[in-house]
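# Remarks on the overall topology
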Amino acid sequence: MTTVATHCPYCALQCAQTLTPEPTGVSVAGRDFPTNRGGLCQKGWTSASVLRAPDRLTTPLVRGASGELEPTSWETALDLVALRLRAVRAQHGADAVAVFGGGGLTNEKAYQLGKFARIALGTANIDYNGRFCMSSAAAAANRSLGVDRGLPFPLTDLGGAQAVLLLGSNLAETMPPAVSHLAGCRAQGGLVVVDPRVSATAALADNGQGLHLQPVPGTDLVVLLGLLHVTFAEGPADTAYIASRTTGVDDVRRLAAAWWPERVEQVAGVPATLLRETAHLLAAASPSRGGSGAFILTGRGVEQSSQGTATVNAAINLALALGLPGRVGSGYGAITGQGNGQGGREHGQKSDQLPGYRMVDDPAARAHVASVWGVDPATIPGKGKPAVELLDSLGRDDGPRALLVHGANVRVSAPNANHVGDRLDALELLVVCDVVPSETAQRADVVLPVLQWAEEEGTMTSLEGRILRRRRAIDAPDGARSELWLWRELAERLDAPGTWDTDASLVFDELARASAGGRADYSGLSHDRLDAEPGLYWPCPATGGDPHPGTPRLFVDDFPTADGRARFVAVDDHGPAEDVRSDAPIHLVTGRVLQHYQSGAQTRRVEALVSASPAAFVEIHPILADLHGIAAGDLVSLTSSRGVVTAPARLTESVRPDTVFMPFHWGGAASVNRVTNDATDPISGMPEFKVCAVTVARADVALAPEPLALRTATEVLA
Ligand SMILES: Nc1nc2c(c(=O)[nH]1)N[C@H]1C(S)=C(S)[C@@H](COP(=O)(O)OP(=O)(O)OC[C@H]3O[C@@H](n4cnc5c(=O)[nH]c(N)nc54)[C@H](O)[C@@H]3O)O[C@H]1N2
Ligand SMILES: Nc1nc2c(c(=O)[nH]1)N[C@H]1C(S)=C(S)[C@@H](COP(=O)(O)OP(=O)(O)OC[C@H]3O[C@@H](n4cnc5c(=O)[nH]c(N)nc54)[C@H](O)[C@@H]3O)O[C@H]1N2
Ligand code: SF4
Ligand SMILES: [Mo]
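Residues numbered from 1 in each chain as written. Chains lettered and ligands numbered in written order. Predicted model: local features only at pLDDT ≥ 70, side-chain atom pairs only at ≥ 80, totals over all residues. Heavy atoms only, no water.

### Considering the domain arrangement of the protein
Condition: Domain segmentation is taken from an automatic or database assignment of domains. When two parts are put together, the accessible area they lose, computed with a 1.4 Å probe and summed over both, is reported as buried area. The salt bridge definition used is simple: a Lys or Arg side-chain nitrogen within 4 Å of an Asp or Glu carboxyl oxygen. Here a polar contact is recorded for every N or O atom pair within 3.5 Å, except that within protein the pair must consist of a potential hydrogen donor and a potential acceptor, and residues adjacent in sequence are included only if both atoms are side-chain atoms.
Under the domain assignment used here, the protein contains domain 1 (4-52), domain 2 (61-133 + 348-537), domain 3 (139-334) and domain 4 (586-698). For domain 1 versus domain 3, the distance between C-alpha centres works out to 32 Å. Considering only the surface of domain 1 that becomes buried against domain 3, Leu13, Thr35 and Arg37 emerge as the three largest contributors, covering 53% of it. Counting every contact that joins domain 1 to domain 3 gives 0 salt bridges. At the junction of domain 1 with domain 3, the criterion picks out 2 residue pairs in polar contact (both at pLDDT 80 or more).

In structure tokens, the structure reads:
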């Protein structure tokens, strides 16, 4: 094989890479592309290590009589899975089989998994880890703007802006190459970061390059209401834009009137002067004032909240009041997280959606998709349970008895993870498809080894809504098989209707037909076209004539709502689901570090990343540490009403003294999701990962680690 041009396996920035096969593996180089300009972060540079992880799964494993996972043949494993699925379905009905997908799957796999769930298994119960990630931003954008595309403009547009408001995003660690796009606004003092920590990103706003607002965790909605208050009261709001391009401003103005800056300061702890300064800085950058442009961007820090949808709607309300969305060089966007977080939610992995971003309860959508699938629309199940509810219902009388997991490590990444572990253990059948023995795979009844990233063809849709080609650079190890192949094998064993292509380009063609006329229309695209014209943006409908050029910028003429206008959505603050109290007086916030990705299943297997960031830690302010007799490096326990986590203390003044921070990339005793809250947003189903109440104490001994050390596949085979 020769050098191929592809994109990074990890986050939604989808930095461009070239991969060159070498005798011992693959070498990685950055490749020029508008988003990364040739740069990669440390995860990107080292990404090829995961291809040859020492415990890479290379044979199906089935839990045998001994209780251990034992190697078996594909034929035996697939026969067994089909047999057990048929038995569960016969006894408990089709919805008793559930599917959990991932935002790292290619578009082709996301599409085929949604189809497999609906017509091969006949279950309504499919959802995915994107529910933990983009669901609040998606729900808010749909309500207000009529469509959910993370950034409805090219990332490079940020470069010309005078001001950028970043709410709950730590871009400098989560998408390092993207920081270069903030250089223009920083040079003008226009970067504003809202984060309870002095994150690496908040530090970019130092030294006259911008402002840092450091609110009490979970009070972002109040901060935004305060910014709206100042924009309406002291102005100037963009009245011409509001009149011609929006509806619903009156209720929003009325609610914001109650949040004058001094009141916001009382609740959120952000000085009133700083709120005024921020609102005026944004207004001055807005096109209506002759500024060179302003952007408002949200990340998980504000979205992973039980009022995440409302908070994003408040951010969009502010953008609308300033006249930003649809103006070239300004706008609102949500920074999509996973590699294919965008495409993953467009093609039918979400419990309420069909391909093309169609809604599963829309009769016209069902009829269209049924015609592509070759089935009767009545056979397509309705809405299933969203992720947190789905996981909570596993193994219960009225819940699923079997679960297939494709591309998530929920034992580490789901909120209230001990409870999720209990629910997984209550299943009659857990099947995990993965490339490595993740913590979730280690507890499965059947583990199926699949292909990853550089071993297969496909497409990914980036944070900008560009469809990017992922290309095969090396052969997979013997024994690992493609998920497209295994769904066909299972579909045949289950006597499923429909056709089950295993060639990704044919699956893409089918996906494109299924998406035709939907909100995310890919019907003008194919692998061949994307090879010839890399990085086209959706919507890109089939035309019958000259090919559609794709749509880098949405909303320039109108919004895809019934009346073509954006909607102000009236939202008010209700506080987080769990507030601090006398027996849990400290806020716990969670997030990421540069070197590790998500549950760590991949990056904890990369030597360079592990040596740079070997273990979990608790960030704690020296004042709080002192209060509890905690010195740097001491083990600290954090206890919530759901569980306990222990990790060494890292003393730093970058967190508020009333707040501790932990990353979520590790399993076992240091898994912060043992403690996090599984309360959800009523609109999006997003869990409240970012904020909960804990007690802090010095721990004398580490909790016994979980029995993580089940044998690796290699050991099992030895
Ligand atoms: N290195 C690395 N990069 C990644 C990933 C990864 O795992 N590791 N994952 C990818 C994915 S899937 C995603 S979703 C993105 C996530 O990207 P980000 O949203 O940037 O990541 P987080 O670190 O989860 O959260 C961002 C910030 O929110 C802050 N925060 C916590 N609570 C609050 C609050 O109440 N209010 C406010 N305003 N801020 C708060 C945290 O202190 C943190 O600095 O990153 C992507 N890129
Ligand atoms: N406390 C706390 N918890 C969080 C968050 C937080 O900020 N705080 N963030 C949440 C967010 S935003 C996200 S996105 C989730 C993510 O959390 P997870 O869903 O657990 O994400 P990953 O660790 O990426 O898990 C992906 C798994 O799929 C495997 N894999 C990779 N490629 C493939 C493939 O092609 N097919 C299959 N079948 N498997 C593959 C990987 O090896 C890995 O085991 O975590 C959430 N959890
Ligand atoms: S920023 Fe994201 S896409 Fe780029 S190299 Fe790092 S992990 Fe990969
Ligand atoms: Mo995410």
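Here the narrative resumes, following the displayed structure.
### Quick notes on helix H13 (residues 308-321)
Which entries qualify depends on this criterion: Where helices and strands are cited, they refer to DSSP runs of H or I of at least four residues and of E of at least two residues respectively, numbered from the N terminus. Multiplying one less than the number of residues by 1.5 Å gives the expected span of a helix. Note on classification: 1.4 Å probe, protein chains only; a residue is buried when its accessible area is under 20% of the maximum for its type, exposed when over 50%, partly exposed between these limits.
With 14 residues, H13 should reach 20 Å at 1.5 Å per residue; the first-to-last C-alpha distance of 20 Å fits that figure. Taken across its 14 residues, H13 has 14 buried, putting it largely inside the fold. Of the residues trailing H13, Gly323 is marked for its positive phi of about 75°.

### Brief notes about the site of ligand 2
Note the following rule: We call a residue near a given molecule or strand whenever any one of its heavy atoms falls within 4 Å of it. Every accessible area reported is derived by Shrake-Rupley at a probe size of 1.4 Å, with residue values counting cover from the shown protein chains alone. Three classes are used, and their members are as follows: Ala, Val, Leu, Ile, Met, Phe, Trp, Tyr, Cys and Pro are nonpolar, Asp, Glu, Lys and Arg are charged, and the others, Gly among them, are polar.
The local shell around ligand 2 holds 33 residues, among which Asn129, Ser413, Asp434, Glu483 and Ser599 are the closest. Separating an oxygen atom of ligand 2 from a side-chain N or O atom of Ser599 is a distance of 2.5 Å. In the complex, the protein chains occlude 96% of the 920 Å² of accessible area that ligand 2 would expose alone. Residue composition of the shell around ligand 2, by class: 14 nonpolar, 14 polar and 5 charged. Formed jointly, the shell around ligand 2 draws a minimum of three residues from each of two domains, domain 2 (61-133 + 348-537) and domain 4 (586-698).

### Things to note about the nonpolar core
The test is simple: Remark: nonpolar core denotes a set of buried residues (Ala, Val, Leu, Ile, Met, Phe, Trp, Tyr, Cys) joined through side-chain atoms within 4.5 Å. Whether two residues touch is decided by their heavy atoms; if any such pair falls within 4.5 Å, the residues are in contact.
Residues Phe116, Phe232 and Ile296 are the most contacted members of the largest nonpolar core, which totals 127 residues. Structurally, this core is a two-domain feature, drawing no fewer than three residues from each of domain 2 (61-133 + 348-537) and domain 3 (139-334). Ignoring sequence-local partners within four residues, the contact set of Phe116 consists of Leu121, Leu404, Trp487, Leu490, Ala491, Leu494 and Trp500. Counting 44 residues, the second largest nonpolar core, distinct from the first, contains Ala172, Leu191, Ala202 and Phe295.

### Examining the site of ligand 1
As a structural note, the neighbourhood of ligand 1 is formed by 33 residues, with Asn170, Asp195, Arg592, His596 and Gln598 the closest of them. Within the side chain of Asp195, one N or O atom sits 2.7 Å away from an oxygen atom of ligand 1. Expressed as a share of its isolated accessible area of 920 Å², the protein-covered part of ligand 1 is 99%. Listing elements by their share of the shell around ligand 1, those giving two or more residues are helix H5 (171-174), helix H12 (300-303) and strand E23 (586-591). In terms of residue count, H12 provides more of the shell around ligand 1 than any other element does, 3 residues in total. Split by residue class, the shell around ligand 1 holds 11 nonpolar, 14 polar and 8 charged. Taken together, domain 3 (139-334) and domain 4 (586-698) each give at least three residues to the shell around ligand 1, which thus spans both.

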